[in-house]
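# Structure assessment
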Amino acid sequence: MVKHKGVPVYGGIDTHADTHHVAVIDGHGRALGDVRVPATAAGYRQAVRFIGRWPQVAKVGVECTGSYGAGVTRELTAAGHTVIEVNRPNRFDRRARGKTDVFDAYSAAEAVLSERAVAAPKGGDGLVESLRVLRTTRTSALRERTATINQIKAMLIAGPEPLRARYRGLSNTRLTATLAATRPTSAPVTATEATAYALRVLARRYLLLSEQITDMTSHLRRLLDDHAPALMAVYGTGPDTVAQLLITAGDNPDRLRSEAHFAALAGVCPIPASSGKTNRHRLNRAGDRQANSALYHIVIVRMRYDPTTRDYVARRTSEGRTKMEIIRCLKRYLALQLYPLIRDVLQQPTTTTAA
């Protein structure tokens, strides 16, 4: 191995569940070496030692820093290396050379060299990671709870008439509480007995999921009240929307270069749609759609309850703007309002971790 003192070199890592492939290139894109390591703590240290053979390594591109590459990203960062997130392989190279782990590792290094990849990875070990795991659990519980109540209602619709008559007209809360308190036979035989037994199981599942949702929401609110009180105080926000916006931003403030960059990340920057004498902008379908959805929900709350926003909607409507165009403008303004608050939260020194 020949070391070129003073000449920067670049690393790339193709990550998988069981193994990672590490490659290093020089400033002209020439291969300097590559190695395959296991996706374990020992393998991460081996990757750091391999890259450390070139003291002049400037940056290391890592694929999937939020999933398969999270462990090696933390190890590289702890060793003092600058890590760049590489999520999209070069499609031209893939068509020309095919796909192997070796090619993908070198492609990741080339993406950093050419500055095709410039984003800093999410830290994955602070407040934002705590919010992510809690919100992910809450979201899955909400989804399963909705599926459960739909299954209960479908079973009642198609079930025996005595059961339909007994529970007709009850709200979801009353229905699930009543069904959960029933005592059907423990050895069902007939269709009525089996349906009653299944309904009790589903009702208890619904109540358990509701308890989990309440628990996750309380933890989210506690963390956000402690670390992001200014964000929580913004009209129309709540623990779910604020958590999602922080998750999208990531716990690395270097990821957000400007307010316009955050707007693009959330998919609320205006897209020109002008032609001839028409001068207008259209909705942006790019960016993180969950962050876009969070901004949308905040805007909808403001359009219904905030007098200032309602006056703005009335004025823009009188000017000929459509409802979707008004919502687009409001989401863009909201991104402008929230960006400095999000930056302040991300810049706070915290060692909060999820329990």
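Just above sits the structure.
These lines cover the structure that appears in this document, whether it is placed above or below. (Residues numbered from 1 in each chain as written. Predicted model: local features only at pLDDT ≥ 70, side-chain atom pairs only at ≥ 80, totals over all residues. Heavy atoms only, no water.)

What follows deals with the pairing of strand β2 (residues 19-26). Along β2, eight of the eight residues are buried, which leaves the element largely enclosed by surrounding structure. As judged from the seven bridges shared by strand β1 (residues 9-15) and β2, these two strands associate in the antiparallel manner. Bridge pairing in β2 places Gly12 opposite Ala23. Turn length for the β1-β2 hairpin, with the two strands adjacent in sequence and antiparallel, is three residues. As defined by bridge partners, β2 adjoins strand β3 (residues 31-38) across seven bridges and the pair is classed as antiparallel. Note on β3: the bridge partner recorded for His20 is Val37. (Buried < 20%, exposed > 50% of the residue type's maximum accessible area, 1.4 Å probe, protein only. Helix = DSSP H or I, 4+ residues; strand = E, 2+ residues; numbered from the N terminus. Pairing = 2+ DSSP bridges.)

Below, the discussion takes up the environment of Arg166. Inspection of the secondary structure puts Arg166 in helix α6 (residues 161-167). Under the relative-accessibility criterion, Arg166 is labelled exposed at 53%. Measuring from C-alpha to C-alpha, the distance between Arg166 and Asp311 comes to 48 Å, with 145 residues separating the pair along the chain.

Counting residues in each nonpolar core, the largest one holds 41 residues, and the members touching the most others are Leu131, Leu224, Leu231, Leu245, Leu246, Leu338 and Ile342. Only α5 (127-158), α8 (191-227), α9 (229-232), α10 (239-249), α11 (259-265), α12 (289-305) and α14 (323-346) provide two or more residues apiece to this core. For this core, the element with the highest residue contribution is α14, accounting for 10 residues. In contact with Leu224, not counting residues within four places along its chain, are Leu131, Pro229, Met232, Pro239, Val242, Ala243 and Leu246. Val35, Val37, Val62 and Val72 belong to the second-largest nonpolar core, a separate cluster that totals 19 residues. (Core = buried A, V, L, I, M, F, W, Y, C linked by side-chain atoms within 4.5 Å. Contact = heavy atoms within 4.5 Å.)

In this section: the pairing of strand β5 (residues 83-86). Here β5 shows no split at all, with Val83 and Glu85 on one side and Ile84 and Val86 on the other all buried. In the sheet, strand β4 (residues 57-63) pairs with β5 via four bridges, with the strands oriented parallel. Among the inter-strand pairings, Val60 is bridged to a residue of β5, identified as Val83. Assessed by its sense of winding, the connection that carries the chain from β4 through helix α2 (residues 70-78) to β5 is right-handed. (Right-handed = clockwise from strand over helix to strand, strands pointing away.)

Take the packing of aromatic side chains next. Under the criterion given, the structure shown has two aromatic pairs. Summarising the aromatic geometry, the rings of Phe50 and Trp54 are spaced 5.3 Å apart at their centres and angled 70 degrees between planes, so their arrangement reads as edge-to-face. When sorted by exposure, Phe50 lands in the same class as Trp54, which is buried. (Phe/Tyr/Trp six-rings, centres within 6.5 Å; stacked < 30°, edge-to-face > 60°.)

So, about the pattern of salt bridges. Side chains that carry opposite charge are capable of pairing whenever their charged atoms lie near each other. This model, assessed by the stated rule, comprises nine salt bridges. Residue Arg168 pairs with Glu161 through a salt bridge whose shortest N-O separation is 3.4 Å. Close ionic contact of Glu319 with Arg316 constitutes a salt bridge, the shortest N to O distance being 3.1 Å. A relative accessible area of 46% places Glu319 in the partly exposed class. Salt bridges here are not isolated pairs; linked through shared partners, they connect Arg135, Arg138 and Asp240. (Salt bridge = Lys/Arg side-chain N within 4 Å of Asp/Glu carboxyl O.)

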